[in-house]
Amino acid sequence: AMSSRTALSECPFTVCRSLHSDHLWIWRPNVYVDENDRTWLPIIIETESSLQVLMRQIEVSRGEAMQPSRLPPSMLLLLWQLYPGRRYRASDSSFRSLVYHIEISGVEDMVLEQLPDP
């Protein structure tokens, strides 16, 4: 049976996705895995006013999972968890707003923006 995923990837138009990953765990440096076993690669975008992380869903070879204590220091966090209101709560208890989640030619991009501390 043809999955809806296949049908989507054949469509060249931009699709706004409404189903967001519930969890993103860091697997090794610069590779996250979601609850559906898909791999996401983070790209940090710094602007004058904010820090954004573009999460791009690309299947990569995973390699060995690294223990969090052995990961190199990074601006990226160990875990993101989806909360109501299109927000992700990070492992340091900070929140990131989900700016957008789109799919273009079968590639999904999610942009998370750091919310100022309340």
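Worth saying up front: this structure is predicted, and the values here are computed from it rather than measured.

(A) Examining the overall build of the protein more closely. Within the protein one finds 1 helix and 9 strands. When its helices and strands are written in sequence order, the protein yields α-β-β-β-β-β-β-β-β-β. Burial status across the protein gives 32% buried among its 118 residues. Accessible area of the protein: about 7,300 Å², with a carbon and sulfur share of 55%.

(B) Expanded view of the nonpolar core. The biggest cluster of nonpolar side chains holds 15 residues, and the ones touching the most others in it are Leu24, Tyr32, Met55, Trp80, Tyr88 and Met110. Residue assignment for this core shows that the elements contributing at least two residues are β2 (23–28), β5 (51–57), β7 (87–90) and β9 (107–114). In this structure Met55 touches Leu24, Tyr32, Trp40, Leu41, Pro42, Trp80, Glu108, Asp109, Met110 and Leu112, once residues within four positions along its chain are discounted.

(C) Geometry of the side chain of Thr39. Within the fold, Thr39 resides in strand β4 (residues 39–46). Ignoring any residue separated from it by four or fewer positions in sequence, one finds Thr39 in contact with Val31, Tyr32, Val33, Arg56, Gln57, Ile58, Glu59, Val60 and Arg62.

(D) Here's a closer look at the environment of Pro42. Mapped onto the fold, Pro42 is located in strand β4. Considering only alpha carbons, one finds Pro42 and Arg56, 14 residues apart in sequence, at a separation of 6.4 Å.

Cut-offs applied
- Residues numbered from 1 in each chain as written.
- Predicted model: local features only at pLDDT ≥ 70, side-chain atom pairs only at ≥ 80, totals over all residues.
- Heavy atoms only, no water.
- Helix = DSSP H or I, 4+ residues; strand = E, 2+ residues; numbered from the N terminus.
- Buried < 20%, exposed > 50% of the residue type's maximum accessible area, 1.4 Å probe, protein only.
- Areas by Shrake-Rupley, 256 points an atom, 1.4 Å probe, with all protein chains shown as cover.
- Core = buried A, V, L, I, M, F, W, Y, C linked by side-chain atoms within 4.5 Å.
- Contact = heavy atoms within 4.5 Å.

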